[in-house]
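Notes for the structure review
Read off the chains here:
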Protein chains: 2
Amino acid sequence: MSARWTVGVDFGGTSVKAGLVDASGRVVATASFSTDEAARPAAFVERTSRAVESLARQAGVRPGQLRGVGIGAPGPVDVERGLVYSLMNVPGWRNVALARACERCLACRCFVDNDVNLMALGEWRFGAGRGAEQLVCLTLGTGVGGGLILNGALCRGASGAGGELGHMVIDPRGSRCGCGRRGCLEAHVGTAEILRKGRRLARRASTQLRASMRRSGGRLTPQLLSQAAQHGDAGARRLWQEIGQALGIGLANVVNLLNPDRMVIGGGIANAWRWFAPTMRQVVRDEAIDISARSVRIVRARLGNRAGIVGAAALVWDRTR
Amino acid sequence: MSARWTVGVDFGGTSVKAGLVDASGRVVATASFSTDEAARPAAFVERTSRAVESLARQAGVRPGQLRGVGIGAPGPVDVERGLVYSLMNVPGWRNVALARACERCLACRCFVDNDVNLMALGEWRFGAGRGAEQLVCLTLGTGVGGGLILNGALCRGASGAGGELGHMVIDPRGSRCGCGRRGCLEAHVGTAEILRKGRRLARRASTQLRASMRRSGGRLTPQLLSQAAQHGDAGARRLWQEIGQALGIGLANVVNLLNPDRMVIGGGIANAWRWFAPTMRQVVRDEAIDISARSVRIVRARLGNRAGIVGAAALVWDRTR
């Protein structure tokens with residue numbers, strides 16, 4: 001297998017993005033279409049195939065000359081069989097043999113995995129996790145998810161749910177989580193909780209935050225909360241420190257359990273890195289077992305909004321070694 | 001490599017036990033000596049070598065004809081270099097190249113690993129973990145430790161501290177742990193905490209327990225607490241249910257994080273299995289993510305007090321594949 005070009009496909013809730021990726025993980029061309037246009041499996045396969053053909057043409061090759069096509073899907077996947085069990089937020093997908101359908105259409109090798117696993121695989125091969133042997137990836141946003149690469153392999157677990165960091169309980173008397181339990185990491189550091197704390201702050205304390213909310217039409221976003229911290233708002237800074245505190249408690253448990261050499265943190269909330277990371281790192285240093293706390297470096301993800309495409313490309317490399 | 005015999009050595013705090021182990025993990029002969037006799041590295045190597053020679057003779061082979069000798073040491077180990085960094089409870093061991101020293105003495109291949117890792121490896125190859133692909137082992141006693149086998153390999157972590165289940169925080173406002181933190185699993189289910197709860201029970205409620213303590217010279221043991229539960233003592237039964245509850249919360253986090261297909265629980269406290277396991281399993285069912293809770297079987301370790309010897313033998317098989 002000498003082909004150096006791959007296409008990575010990021011199946012998102014609003015758009016599907018495909019990218020032509022070279023052997024160093026650089027995205028050299030992209031194509032995208034709306035998820036609505038491809039909400040059903042057959043349409044997805046057809047639209048994706050056309051995007052892959054167009055991207056391959058830009059590399060001067062036929063799809064069959066690509067190393068392969070990787071697809072990251074937002075839901076549980078059987079990687080060995082290339083099967084999508086179901087998708088979050090996209091009805092009509094039940095046990096779809098997606099890899100085979102794409103292979104038939106494109107005459108090149110196709111692979112599917114869960115999108116959060118692929119973020120981990122992408123950061124490991126091409127991003128901030130490069131060279132790590134025991135890597136934990138965490139993605140922070142509306143959902144809090146994760147992926148584990150241990151002994152040089154992605155740990156998908158027995159049923160593809162490995163790395164579900166978001167539903168680790170960090171405080172049995174803590175906030176109620178969307179999953180019904182109390183005190184999950186996601187309930188403490190997910191976007192919903194950050195905004196809930198932020199709205200309370202705007203109501204009670206921060207006139208500055210209220211003013212910037214008014215300027216953006218009354219809507220609060222994590223970005224506004226970062227800006228408030230940037231402008232010296234003490235309440236906003238404290239809010240991000242609380243997020244760092246909760247993250248640190250969760251990560252210390254993971255550090256104790258897995259003794260990783262690196263942790264990579266991405267997702268939209270990671271944009272507030274400057275405001276939560278110092279507290280988070282301090283809590284890990286204080287709370288994890290010394291030998292494990294000393295072994296780990298906690299860094300910010302590097303692939304940003306290309307993580308989905310690059311991760312899907314990394315899957316191709318992983319499966320065609 | 002066709003040799004089928006191994007010798008496993010279990011370096012304990014009070015005695016060193018060596019066993020001749022066949023290819024199915026059966027211990028067919030044993031030898032042991034007091035740890036005091038071998039507190040220093042040179043004496044340990046000498047005494048161990050003599051024991052190995054005597055066991056090999058019983059199999060009708062020279063040590064050089066063994067598949068190898070495995071040694072489980074109670075402390076951090078560099079497996080690749082066969083180096084013991086230090087030992088719990090045995091002073092005078094600092095960066096000892098134990099594998100090489102034994103190899104020189106015995107003219108056969110020798111391997112060293114941490115004893116808790118070896119319990120996991122032994123249960124995986126020869127015990128209750130056989131056939132599992134994603135295995136979590138937990139050992140319950142004065143210390144609470146663990147070992148992880150993921151994707152078919154022991155996860156030692158970046159510095160050999162992988163699988164440290166005992167210091168996962170299950171309740172940040174919980175009991176104080178020997179490590180200085182609050183709410184570690186070990187602080188909730190370790191022998192010290194079980195006995196503390198048991199003594200309180202004997203003082204306040206259980207005349208039956210007081211009577212059986214008097215019969216055993218005033219000493220309380222986990223075994224007496226199991227017997228009390230067996231005899232219908234409601235307080236003792238509740239005590240074990242509380243242990244099961246705390247274990248379940250800890251294991252649910254591990255199930256969410258790693259999505260294992262099996263968990264094996266051993267160590268002295270596992271003798272009270274009947275009294276804590278139903279609650280523990282129920283809590284895992286209730287608290288873990290459904291897909292992961294359904295994938296996992298939680299079973300009792302099978303190797304009992306042979307775990308150390310058989311685990312050390314499993315290490316030889318693992319390193320000579």
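For the structure itself, look to the data block above.
Here is a short report on the structure shown in this document.

Parameters at a glance
- Residues numbered from 1 in each chain as written.
- Chains lettered and ligands numbered in written order.
- Predicted model: local features only at pLDDT ≥ 70, side-chain atom pairs only at ≥ 80, totals over all residues.
- Heavy atoms only, no water.
- Buried < 20%, exposed > 50% of the residue type's maximum accessible area, 1.4 Å probe, protein only.
- Helix = DSSP H or I, 4+ residues; strand = E, 2+ residues; numbered from the N terminus.
- Pairing = 2+ DSSP bridges.
- Phe/Tyr/Trp six-rings, centres within 6.5 Å; stacked < 30°, edge-to-face > 60°.
- Lys NZ or Arg CZ within 6 Å of the ring centre and 35° of its normal.
- Axes fitted to C-alpha atoms, helices over the stretch in contact; angles between N-to-C directions.
- Left-handed = near helix turned anticlockwise from the far one by under 90°.
- Contact = heavy atoms within 4.5 Å.
- Nonpolar A, V, L, I, M, F, W, Y, C, P; charged D, E, K, R; others polar.
- Buried area = accessible area lost by both parts, 1.4 Å probe.
- Salt bridge = Lys/Arg side-chain N within 4 Å of Asp/Glu carboxyl O.
- Polar contact = N/O pair within 3.5 Å; in protein donor to acceptor, adjacent residues only side chain to side chain.
- Least-squares fit on C-alpha atoms with pLDDT ≥ 70 in both.
- Expected span 1.5 Å × (residues − 1).

**A word on the pairing of strand S2 (residues 15-21) of chain B**
All names here are of chain B. Buried residues dominate S2, accounting for five of its seven residues. Both strand S1 (residues 6-11) and S2 contribute to a ladder of six bridges, which runs antiparallel. What sits directly across from Asp-10, in S2, is Lys-17. Between S1 and the antiparallel strand that follows it, S2, lie three residues.

**So, the packing of aromatic side chains**
Given two aromatic rings, their pairing is described by the distance between the two centres and the angle made by the two planes. Residue and element names in this part refer to chain A. The full count for this structure, using the stated rule, is 10 aromatic pairs over all chains. Between Phe-11 and Trp-93, the ring centres sit 5.3 Å apart and the planes meet at 70°, which makes this aromatic pair edge-to-face. Highlighted residues: Phe-11 in strand S1 (residues 6-11) and Trp-93 in the loop between strand S6 (83-84) and helix H2 (98-106), separated in sequence by 82 residues. Comparing Phe-11 with Trp-93, the two get one shared label, buried. Positioned above the aromatic ring of Phe-33 is the side chain of Arg-47, whose terminal nitrogen or guanidinium carbon lies 4.6 Å from the ring centre.

**Let's talk about the packing of helix H8 (residues 234-258) of chain B against helix H9 (residues 273-287) of chain B**
Residues and elements named next belong to chain B. Packing of H8 against H9 brings their axes to within 7 Å, and their N-to-C directions diverge by 35°. Helix-helix and strand crossings are classified by hand; for H8 and H9 the assignment is right-handed. On H9, the residues that touch Arg-237, Trp-240, Gln-241, Gly-244, Gln-245, Leu-247, Gly-248, Ile-249, Leu-251, Ala-252, Val-255 and Asn-256 of H8 are Trp-275, Phe-276, Thr-279, Met-280, Val-283, Val-284 and Glu-287. In the contact of H8 with H9, the residues fall into 11 nonpolar, six polar and two charged.

**Quick look at the interface of chain A and chain B**
On the chain B side, the residues contacting the 40 residues of chain A number 40 residues. The largest per-residue losses of area from chain A upon contact with chain B belong to Arg181(A), Leu257(A) and Asn259(A), which jointly make up 20% of the total buried on that side. Inspection of the chain A/chain B interface yields two salt bridges. Across the salt bridge formed by Asp171(B) and Arg173(A), the nearest N and O atoms sit 2.4 Å from each other. Our enumeration of links across chain A and chain B arrives at 26 residue pairs in polar contact (both at pLDDT 80 or more). Contributing elements (two or more residues each) for the side of chain A that touches chain B: strand S9 (144-150), strand S10 (153-154), helix H8 (234-258), helix H9 (273-287) and helix H10 (290-295) of chain A. The element best represented in the side of chain A that touches chain B is H8(A), accounting for five residues. Counted by class, the side of chain A that touches chain B contains 19 nonpolar, 13 polar and eight charged residues.

**Re the sheet that holds S9(A)**
Within a sheet, each strand pairs with its neighbour through backbone hydrogen bonds, oriented either parallel or antiparallel. Residue and element names in this part refer to chain A. As summarised here, the arrangement of the five strands in space is S10-S9-S8-S11-S12, forming an open sheet in which the pairing is mixed. Lying at the two open borders of the sheet, with one neighbouring strand each, are S10 and strand S12 (297-300). Examined bridge by bridge, strand S11 (residues 262-266) and S12 share four bridges and lie parallel to one another. Note on S12: the bridge partner recorded for Val-264 is Val-299. Set on the sheet, H8 makes contact with strand S8 (135-140), S9, S11 and S12; between it and S8 the angle comes to about 160°.

**Structural notes on the sheet that holds strand S7 (residues 110-114) of chain B**
Residues and elements named next belong to chain B. Pairing in this open sheet of five strands is mixed, and the strands run S3-S2-S1-S4-S7 from one edge to the other. Edge positions in the sheet fall to strand S3 (27-34) and S7, since each of these pairs with one other strand and no more. Strand-to-strand twist of the sheet, defined as the mean angle between neighbouring strand axes without regard to direction, takes the value 20°. Here seven bridges tie S2 to S3, and the two strands are oriented antiparallel to one another. Looking at the pairing, Val-21 lines up with Val-27 of S3. Its contacts with the sheet put helix H3 (residues 115-126) on strand S4 (68-73) and S7, and the angle it makes with S7 is roughly 105°. Packed on one face of the sheet, helix H11 (residues 307-319) meets S1, S2, S3, S4 and S7 and runs near 130° to S1.

**As for the relation of the copies chain A and chain B**
Each copy superposes on the other: chain A lies on chain B with an RMSD of 0.0 Å after a rotation of 180° and an axial shift of 0.0 Å. This pairing of chains is accounted for by a two-fold axis. Relative to the rotation axis, the C-alpha of Asp171(A) is the closest in chain A, positioned 2.8 Å from it. When the interface residues of chain A are mapped onto chain B, 100% of them are again interface residues, pointing to one common binding face.

**As for H8(A)**
Residues and elements named next belong to chain A. Along its 25 residues, H8 runs 35 Å from first to last C-alpha, staying within 8% of the 36 Å computed at 1.5 Å per residue. Of all 25 residues that make up H8, 18 are buried, and the element is covered over most of its length. Where H8 begins, the side chain of Asp-233 points an oxygen toward the backbone nitrogen of Gly-235, at a separation of 2.9 Å. Positive backbone phi, approximately 50°, marks Asn-259, located one or two places after H8.

No statement about biological role is implied by the geometric values presented.
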